[in-house]
Amino acid sequence: MGENIIPLVDWRQDLPLPDPLAGAAGPLADRLGRPLHDLRISVTDRCNFRCSYCMPKEVFDHQYKFLPHSSLLSFEEITRLARVFVGLGVRKLRLTGGEPLLRKNVEGLVEQLAALRAPDGSALDLTLTTNGSLLERKAVALQRAGLRRVTVSLDALDDAVFRRMNDVDFPVADVLRGVDAALAAGLAPIKINMVVKRGTNDHEIVPLARHLRERYGAAVVLRCIEFMDVGATNGWRMDEVLPSAEVVERLSAVFPLEPLEPNAVGETAQRWRYRDGGGEFGVISSVTRAFCRDCNRARLSTEGRLFMCLFASRGHDLRALLRGEADDARIGATIAAIWNQRDDRYSELRGAAGPGGPAGARRVEMHYIGG
Ligand code: SF4
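The rules we used
Residues numbered from 1 in each chain as written. Predicted model: local features only at pLDDT ≥ 70, side-chain atom pairs only at ≥ 80, totals over all residues. Heavy atoms only, no water. Helix = DSSP H or I, 4+ residues; strand = E, 2+ residues; numbered from the N terminus. Rg over C-alpha atoms; globule rule 2.2 N^0.38 Å. Buried < 20%, exposed > 50% of the residue type's maximum accessible area, 1.4 Å probe, protein only. Contact = heavy atoms within 4.5 Å. Lys, Arg positive; Asp, Glu negative; His and termini not counted. Charge placed at Lys NZ, Arg CZ, Asp CG, Glu CD. Core = buried A, V, L, I, M, F, W, Y, C linked by side-chain atoms within 4.5 Å. Pairing = 2+ DSSP bridges. Polar contact = N/O pair within 3.5 Å; in protein donor to acceptor, adjacent residues only side chain to side chain. Salt bridge = Lys/Arg side-chain N within 4 Å of Asp/Glu carboxyl O. Near = heavy atom within 4 Å. Nonpolar A, V, L, I, M, F, W, Y, C, P; charged D, E, K, R; others polar. Axes fitted to C-alpha atoms, helices over the stretch in contact; angles between N-to-C directions. Parallel < 35°, antiparallel > 145°, perpendicular 65-115°, else oblique. Left-handed = near helix turned anticlockwise from the far one by under 90°. 1 Å grid on protein atoms, 1.4 Å probe; cavity = no way out; pocket = protein on both sides within 12 Å on 5 of 7 lines; lining within 4 Å. Points joined across faces, edges and corners; volume = space filled by probe spheres on them. Right-handed = clockwise from strand over helix to strand, strands pointing away. Expected span 1.5 Å × (residues − 1). Arc of directions from axis to C-beta.

### Observations concerning the overall build of the protein
1) Next: For the protein, the count of helices and strands is 11 helices and 12 strands.
2) Next: The C-alpha radius of gyration of the protein comes to 20 Å, within 12% of the 21 Å expected for a compact globule of 371 residues.
3) Next: Buried positions account for 57% of the 371 residues belonging to the protein.
4) Next: Counting only contacts in the protein whose residues sit at least 6 apart along the sequence, the fraction spanning at least 24 positions is 75%.
5) Next: A gap of 1 Å separates the mean positions of the 50 positive and 48 negative side-chain charges of the protein.

Put into structure tokens, the structure is as follows:
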């Protein structure tokens, strides 16, 4: 059987870099008037889990060819790009992957990014999304390097259900020990992201919420995420989506909830508060309640391709600029021109197009550009 090669993105079809002078004057905004505020940085395409909604084992098996280290952006290149993005208005950096804690000495990158400042001298909002498998070991080093908070993916309380979602033999208890270590190290608040697949783990919503309330109280916020048609390999079906409205209804029947205002424009989660003061809960509803209208997020792939949407098919290669003659001003102007042209709103269009979503090219895989 030949090597298992899934084209992450068709390199031959990188989007052409716009003329850096084409950027519009005035505050940076895309075609829908959205500012650039968040940058998600994928630091590796590798992961030690095989979550069925992101990297299904049948596709990403032992023959799968991950990116060679030489093609990854170095920490210095990532930091240089992040500095340019901050100059364009970015105030929040999220490190993702694959599993970012698999990238060797990632705390060294955290240290470099934590030293960046907004033009007014204020610190950036620097966070990281992890599956928690290495968090117990890394929490103190990450905090010392300057990380302030962390998001942990955890799709069930029951080990067998957890295994059905992530397809590896990793106990929930070890992920929770990572959360304990992160809290003890001072990383807070901690968000727990649970991707809900109807018929697989939706019966775990209440038990997981109960356990987290009892174990951590308000220090940990559970967010349930609707199963999304990201990439082209996760076999997405609408009948496996449990709408967030139903999630809230189910949980509120056990732990009454009341709605909260968003923390900031562009926040992906709808926030709720337990009426009994037991903390917060959130839902992220890309399928049934699209939030493209305020989407202020850009995504940087592991080897320097810039994507305008989680459901994009093609990106712009910034690595060529980084490793070529371009200075920061030229790179900044190019990114500004890219953002100016942005009109992505896939989730809104999906809703309009109905099951199967809008027709279009193959979507990029989530483990490559970060969730
Ligand atoms: S679908 Fe794309 S444009 Fe819409 S919220 Fe998600 S990333 Fe943003």
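### Focus: the nonpolar core
1) Next: One finds L93, F281, L318 and I335 to be the most contacted residues of the largest nonpolar core, which totals 117 residues.
2) Next: In contact with L93, not counting residues within four places along its chain, are L39, I41, A82, L113, L116, L124, D125, L126 and T127.

### With respect to the sheet that holds strand β6 (residues 220-226)
1) Next: Taken together, 12 strands build an open sheet; the order of strands is β7-β8-β9-β6-β5-β4-β3-β2-β1-β10-β11-β12 and the sheet is mixed. Since the sheet does not close on itself, it has two edges, and those belong to β7 (257-259) and β12 (316-317), each with one partner.
2) Next: Where strand β10 (residues 297-300) lies against strand β11 (residues 305-307), two bridges are found, and the strand directions are antiparallel. By the bridge assignment for β11, L300 is matched with L306.

### Section: the environment of S313
1) Next: Locating S313 in the fold gives a position in the loop between β11 and β12.
2) Next: Within the structure, S313 has its side chain in polar contact with the backbone oxygen of R362 (distance 3.1 Å).

### Focus on the pattern of salt bridges
1) Next: The tally for this structure, following the rule as stated, stands at 24 salt bridges.
2) Next: Here D38 and K92 are joined by a salt bridge, their closest N and O atoms 3.9 Å apart. One end of the pair, D38, is in strand β1 (residues 38-42); the other, K92, is in strand β2 (residues 92-96), with 54 residues separating them in the sequence. For the pair formed by D38 and K92, the shared burial category is buried.

### Focus on the site of the ligand
1) Next: The environment of the ligand is made up of 13 residues, and the closest members are C292, C295, C309, L310 and S347.
2) Next: Where the shell around the ligand is concerned, the elements lending two or more residues are β10 and α10 (346-353).
3) Next: In the shell around the ligand, the residues fall into seven nonpolar, one polar and five charged.

### Structural notes on the packing of helix α3 (residues 135-145) against helix α5 (residues 172-185)
Angle between the axes and distance between the axes: these two values describe a pair of packed helices.
1) Next: Between α3 and α5, the least distance of the axes is 8 Å, while the angle of their chain directions is 20 degrees. It follows from the interaxial angle that α3 and α5 lie roughly parallel. The crossing of α3 and α5 is right-handed. Residue-level inspection shows L135, E136, A139, V140 and Q143 of α3 in contact with α5, the latter providing R177, G178, V179, A181, A182 and A185.
2) Next: In the contact of α3 with α5, the residues fall into seven nonpolar, two polar and two charged.

### Topic: the side chain of R299
1) Next: Tracing the backbone through its elements, the reader meets R299 in strand β10.
2) Next: For the buried R299, which has no salt bridge, the nearest side chain bearing the opposite charge is D38, at an N-O separation of 8.4 Å.
3) Next: A distance of 3.5 Å separates a polar atom in the side chain of R299 from the backbone oxygen of G370.
4) Next: Here R299 is in contact with L39, R40, R305, L306, F307, C309, L310, I369, G370 and G371, once residues within four sequence places are set aside.

### Focus: empty space enclosed by the protein
1) Next: Scanning all chains against the criterion turns up one cavity of 30 Å³ or more.
2) Next: Its volume calculated, the largest cavity comes out at about 50 Å³.
3) Next: What lines the largest cavity is A209, L212, R213, G217, V220, L222, Y274, G278 and E280.
4) Next: Elements with a contribution of two residues or more to the lining of the largest cavity: α6 (205-216) and β6.
5) Next: Top element by residues in the lining of the largest cavity is α6. It accounts for three residues.
6) Next: Here the residues of the lining of the largest cavity sort into five nonpolar, two polar and two charged.

### A word on the pairing of β6
1) Next: Across the seven residues of β6, seven count as buried, placing the element largely inside the fold.
2) Next: Burial of β6 is two-sided: the residues V220, L222, C224 and E226 facing one way and the residues V221, R223 and I225 facing the other way are all buried.
3) Next: Where strand β5 (residues 190-196) meets β6, seven bridges bridge the pair, whose relative direction is parallel. Bridging across to β6, I192 finds its partner in L222.
4) Next: Handedness of the crossover is the feature at issue here: the chain leaves β5, passes through α6, returns alongside β6, and the resulting connection is right-handed.
5) Next: Bridge count between β6 and strand β9 (residues 280-284): four bridges; the pairing is parallel.

### Here we look at α6
1) Next: Over its 12 residues, α6 runs 16 Å from end to end, which matches the ideal 16 Å to within 8%, given 1.5 Å per residue.
2) Next: Every buried residue of α6 is listed here: I205, V206, L208, A209, L212, R213 and Y216. The buried residues of α6 occupy an angular sector of 165 degrees when the element is viewed end-on, so they sit on one face.
3) Next: Turning to α6, the residues buried within the fold contact α5, β5, β6, α7 (244-254) and β8 (270-274).
4) Next: Just past α6, the residue G217 takes up positive phi, approximately 60 degrees.

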